[in-house]
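Fold and geometry: a report
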Amino acid sequence: MSAPTMEERKACWGARDEFWQCLDRYAEDGSKCAELRRGFEGRCPQQWVKYFDKRRDFLKYKKKLETEGYNPPEAAQKS
């Protein structure tokens, strides 16, 4: 696989941003964003799609920790 050109990278990032905005708008309801997901997958290398999916999950988790704090599982508290 050759490295994506600047235009290909911009198209990928733009498709990712549109997809993520849709998920934010519809409270993570992927069915309403299926067309944007297909566009995202079509414009980005598969490895990038996997990375961006994991990145979004991490960012959501990080935001949750910042707003709600860390609550250890009950099993860990009993030890």
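Here we summarise the structure given alongside this text. (Residues numbered from 1 in each chain as written. Predicted model: local features only at pLDDT ≥ 70, side-chain atom pairs only at ≥ 80, totals over all residues. Heavy atoms only, no water.)

Okay, the packing of helix α2 (residues 34–43) against helix α3 (residues 46–68) next. Packing of α2 against α3 leaves a shortest axis separation of 8 Å and a crossing angle of 130°. Our classification of the angle between α2 and α3 gives oblique. Here α2 contributes R37, F40 and E41 to the contact with α3, which in turn contributes V49, F52 and D53. Residues of the contact of α2 with α3, tallied by class, amount to three nonpolar, no polar and three charged. (Axes fitted to C-alpha atoms, helices over the stretch in contact; angles between N-to-C directions. Helix = DSSP H or I, 4+ residues; strand = E, 2+ residues; numbered from the N terminus. Parallel < 35°, antiparallel > 145°, perpendicular 65-115°, else oblique. Contact = heavy atoms within 4.5 Å. Nonpolar A, V, L, I, M, F, W, Y, C, P; charged D, E, K, R; others polar.)

This brings us to α3. Taking 1.5 Å of rise per residue, 23 residues should cover 33 Å, and α3 covers 33 Å from first to last C-alpha, within 8% of that figure. Of all the positions in α3, only V49, F52 and R56 are classed as buried. On its buried face, α3 is in contact with α1 (6–25) and α2. Downstream of α3 by a residue or two, G69 has a phi angle that is positive, lying close to 80°. (Expected span 1.5 Å × (residues − 1). Buried < 20%, exposed > 50% of the residue type's maximum accessible area, 1.4 Å probe, protein only.)

Within this structure, the stated rule accounts for two disulfides. Shown here is the disulfide that connects C12 with C44, its sulfur atoms set 1.9 Å apart. As the torsion about the S-S bond is roughly 110°, the C12-C44 disulfide counts as right-handed. You can see C12 sitting in helix α1 and its partner C44 sitting in the loop between α2 and α3, a full 32 residues away along the chain. On the basis of relative accessible area, C12 is assigned to the buried category, the value being 0%. One disulfide bridge connects C22 with C33, the sulfur atoms lying 2.0 Å from each other. Where C22 bonds to C33 through sulfur, the torsion about that S-S bond is close to -90°, and the disulfide is left-handed. Placement of the pair is C22 in helix α1 and C33 in the loop between α1 and α2, with a sequence separation of eleven residues. Overall, the relative accessible area of 3% leaves C22 in the buried class. (Disulfide = S-S within 2.5 Å.)

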